[in-house]
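# Results of the structural survey
So the chains spell out like this:
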Amino acid sequence: MKKIVLLLILPLLFSCGNPYDGETIVNLNLKIVDANSQPIPNVKANIGAGDNAFEVYDYEIYKKTSNFDGIINFDMFMPVNSATLYIDNSITYLPVTISGLSDTTFSSLNWDIGTIMLFKQEEIIPFNITINQITATKTITNIEIVGDHYQNEIKLGSEIYENNELQTYFLLKKNQNFILKYELVNSITNLTETIEENLSISDTEYNYTLTF
């Protein structure tokens, strides 16, 4: 049945350009949950992909809705370039996009994105980091949050490295313990040190000074 459906949409693909290869079928899976890790049914998602020259960009061919367990599954042709997944755009939850969907990101034809947590605006709070460098021989190269936080765009594969700007502003779920993780590079020894700090955030904005 899946092969029949895919064959039926092939004329549509090639009539408006070729954002997919039309041959290789990949299976894309993800699970949608809320801020309490409960599955969210009826969340809409669609795939965006462009052809080699990016003259055509399609948003209409692949559209799905999460089931009772929050699962979304796409059987789709391989994108000729990196594709993007667009999740929700309702008044209830904040939208999320996942970019970098390509054969260079995944090692097989089963593209498992994992679990994506959606947030309502009132469930998140800003966490601001001020960098305070007191050691001339050390440079901070990466900052990340280990905990529940909102990302409007999740980058996968090579797209992770396209933006080298240090992120110092995060939107965290209220009332949780989390880990602030960062890397310091010593300019003399060229060694990298990974630091983890255990922190807590309440329901008010958190301004944090990171001193190194």
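Quick caveat: nothing in here was measured; it's all calculated off a predicted structure.

## Quick word on the pattern of salt bridges
Overall, the coordinates contain two salt bridges when judged by the stated rule. The salt bridge partner of lysine 138 is glutamate 193, with a shortest N-O separation of 3.6 Å. Placement of lysine 138 in strand S10 (residues 138-146) and of glutamate 193 in strand S15 (residues 192-201) is noted, with a sequence separation of 55 residues between them. Under the relative-accessibility criterion, glutamate 193 is labelled partly exposed at 36%. For aspartate 148, the salt bridge identified is with lysine 173, shortest N-O distance 3.1 Å. A residue pair is termed long-range when its members are at least 10 positions apart, and aspartate 148 in the loop between S10 and strand S11 (149-150) and lysine 173 in strand S13 (residues 169-173) qualify at 25 residues. Given the relative accessible area of 26%, aspartate 148 is considered partly exposed.

## Section: the sheet that holds strand S1 (residues 20-33)
With mixed pairing, three strands are arranged side by side in an open sheet as S5-S1-S8. The sheet is open, and its two edges are formed by strand S5 (71-79) and strand S8 (110-117), each paired on a single side. Taking each pair of neighbouring strands and ignoring which way they run, the sheet shows an average axis angle of 25°. One ladder, built from eight bridges, connects S1 with S5; its direction is antiparallel. Across the sheet, residue valine 26 finds its bridge partner in S5, namely methionine 76.

## Some points on the nonpolar core
Counting residues in each nonpolar core, the largest one holds 38 residues, and the members touching the most others are Leu28, Ile47, Leu85, Ile87, Ile98, Leu101 and Ile116. Those elements giving two or more residues to this core turn out to be S1, strand S2 (44-50), S5, strand S6 (83-87), strand S7 (96-101) and S8. If one sorts the elements of this core by residue count, S1 sits on top with six residues. Those residues in contact with isoleucine 116, other than ones at most four positions away along the chain, are Leu30, Lys31, Ile32, Val33, Ile87, Val96, Ile98 and Ile154. Ile140, Ile145, Phe178 and Leu210 belong to the second-largest nonpolar core, a separate cluster that totals 18 residues.

Criteria and thresholds
Along each chain, residue indices are assigned from 1 in the same order as the chain's sequence is written. Residues qualify for local features only when their pLDDT is at least 70, as the model is predicted, and side-chain atom pairs are given and counted only at 80 or more; totals for whole chains, interfaces and linings, by contrast, use all residues. Heavy atoms from the whole structure form the basis of all side-chain values; hydrogens and water molecules are not counted. Basic side-chain nitrogens of Lys or Arg form a salt bridge, by our definition, when they fall within 4 Å of a carboxyl oxygen of Asp or Glu. A helix here means a DSSP run of H or I that spans at least four residues, while a strand means a run of E at least two residues long, and both kinds are numbered starting from the N terminus. Exposure categories follow from relative accessible area, calculated using a 1.4 Å probe and restricted to protein chains: below 20% of the type maximum is buried, above 50% is exposed, and the middle band is partly exposed. When DSSP locates at least two bridges between a pair of strands, those strands are taken to pair. Axis lines are fitted through C-alpha atoms, for helices just across the contact stretch, and the angle between N-to-C directions can take any value from 0 to 180 degrees. We call a set of buried residues a nonpolar core when its members are Ala, Val, Leu, Ile, Met, Phe, Trp, Tyr or Cys and they connect through side-chain atoms within 4.5 Å of each other. Contact between two residues is taken to exist if any of their heavy atoms lie within 4.5 Å; hydrogens are not considered.

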